[in-house]
Amino acid sequence: MGESRRGPVRSAVPSIVVSPVRRCSRTACGRPAVATLTYVYADSTAVLGPLATYAEPHCYDLCAEHSERLTAPRGWDVVRLAVDTGPARPSSDDLEALANAVREAARPHTRPERGRERPADPSDPLEVARRGHLRVLRSPDN
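Analysis parameters
Residues numbered from 1 in each chain as written. Predicted model: local features only at pLDDT ≥ 70, side-chain atom pairs only at ≥ 80, totals over all residues. Heavy atoms only, no water. Helix = DSSP H or I, 4+ residues; strand = E, 2+ residues; numbered from the N terminus. Buried < 20%, exposed > 50% of the residue type's maximum accessible area, 1.4 Å probe, protein only. Contact = heavy atoms within 4.5 Å. Areas by Shrake-Rupley, 256 points an atom, 1.4 Å probe, with all protein chains shown as cover. Pairing = 2+ DSSP bridges. Axes fitted to C-alpha atoms, helices over the stretch in contact; angles between N-to-C directions. Phe/Tyr/Trp six-rings, centres within 6.5 Å; stacked < 30°, edge-to-face > 60°. Polar contact = N/O pair within 3.5 Å; in protein donor to acceptor, adjacent residues only side chain to side chain.

## Things to note about the overall build of the chain
Argument step 1. In terms of helices and strands, the chain carries two helices and eight strands.
Argument step 2. With 142 residues in all, the chain has 16% of them scored as buried.
Argument step 3. A sequence separation of at least 24 residues applies to 44% of the contacts in the chain between residues at least 6 apart.
Argument step 4. A total of about 12100 Å² of accessible surface is found on the chain, and carbon and sulfur atoms cover 55% of it.

Put into structure tokens, the structure is as follows:
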């Protein structure tokens, strides 16, 4: 199976590493996707919005050029939601949430008796009660 009259036999599946970057769904376009197109057939509407978090089977990822040139069938409406083409940058809220998650993970946890609520942690003035991984929080305004 290694040789033929024409030379070495090649696999039908190329052995390249798959890029983690999602690409444009248009044929022969290899540019990175920046927007997701979804059709709402019941309303005859095409919705073009920011790149979806996950690739969905009935949605189409489009690059900047193809998303700008998008047209819909006659009689259809196109709804264009704001698309941020710049790189996503962490906000101060993201960093604060990460710091809080690290603090929570570092806090020693005692296992409560089965079926009983764990008393509120006195170091957290917003926590009122806890059941398993769920917490009841008091409004910060009160």
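## Structural notes on the sheet that holds strand E5 (residues 59–62)
Argument step 1. Read across the open sheet, the four strands follow the order E5-E3-E4-E6; overall the sheet is mixed. Edge strands, defined here as strands with exactly one partner in the open sheet, are E5 and strand E6 (77–80). Each strand of the sheet is rotated relative to its neighbour by a mean of 20°, with strand direction disregarded.
Argument step 2. In this structure, strand E3 (residues 35–40) lies alongside E5, joined through four bridges in antiparallel fashion. In the strand pairing of E5, Leu37 is matched with Tyr60.

## Quick word on unusual backbone geometry
Argument step 1. One non-glycine residue, Ala28, lies in positive phi territory at about 65°.
Argument step 2. Even without being glycine, Ser44 reaches a positive phi, approximately 50°.

## Structural notes on the packing of aromatic side chains
Argument step 1. The full count for this structure, using the stated rule, is four aromatic pairs.
Argument step 2. Note on Tyr39 and Tyr60: the rings are 6.1 Å apart at their centroids and 65° apart in plane angle, and the pair reads as edge-to-face. Taken together, the residues span a long stretch of sequence, with Tyr39 in strand E3 and Tyr60 in strand E5 at a distance of 21 residues.
Argument step 3. An angle of 85° between the planes, with centres 5.8 Å apart, marks the rings of Tyr41 and Trp76 as edge-to-face. Here Trp76 lies in the loop between helix H1 (64–68) and E6 and Tyr41 lies in the loop between E3 and strand E4 (45–50), a separation of 35 residues in the sequence.

## A word on the side chain of Asp61
Argument step 1. Along the polypeptide, Asp61 turns up in strand E5.
Argument step 2. Judged by its relative accessible area of 10%, Asp61 is buried.
Argument step 3. A polar contact of 2.8 Å, which involves the side chain of Asp61, links it to the side chain of Arg22.
Argument step 4. In this structure Asp61 touches Arg22, Arg23, Cys24, Ser25, Ala33, Ala35, Thr36 and Leu51, once residues within four positions along its chain are discounted.

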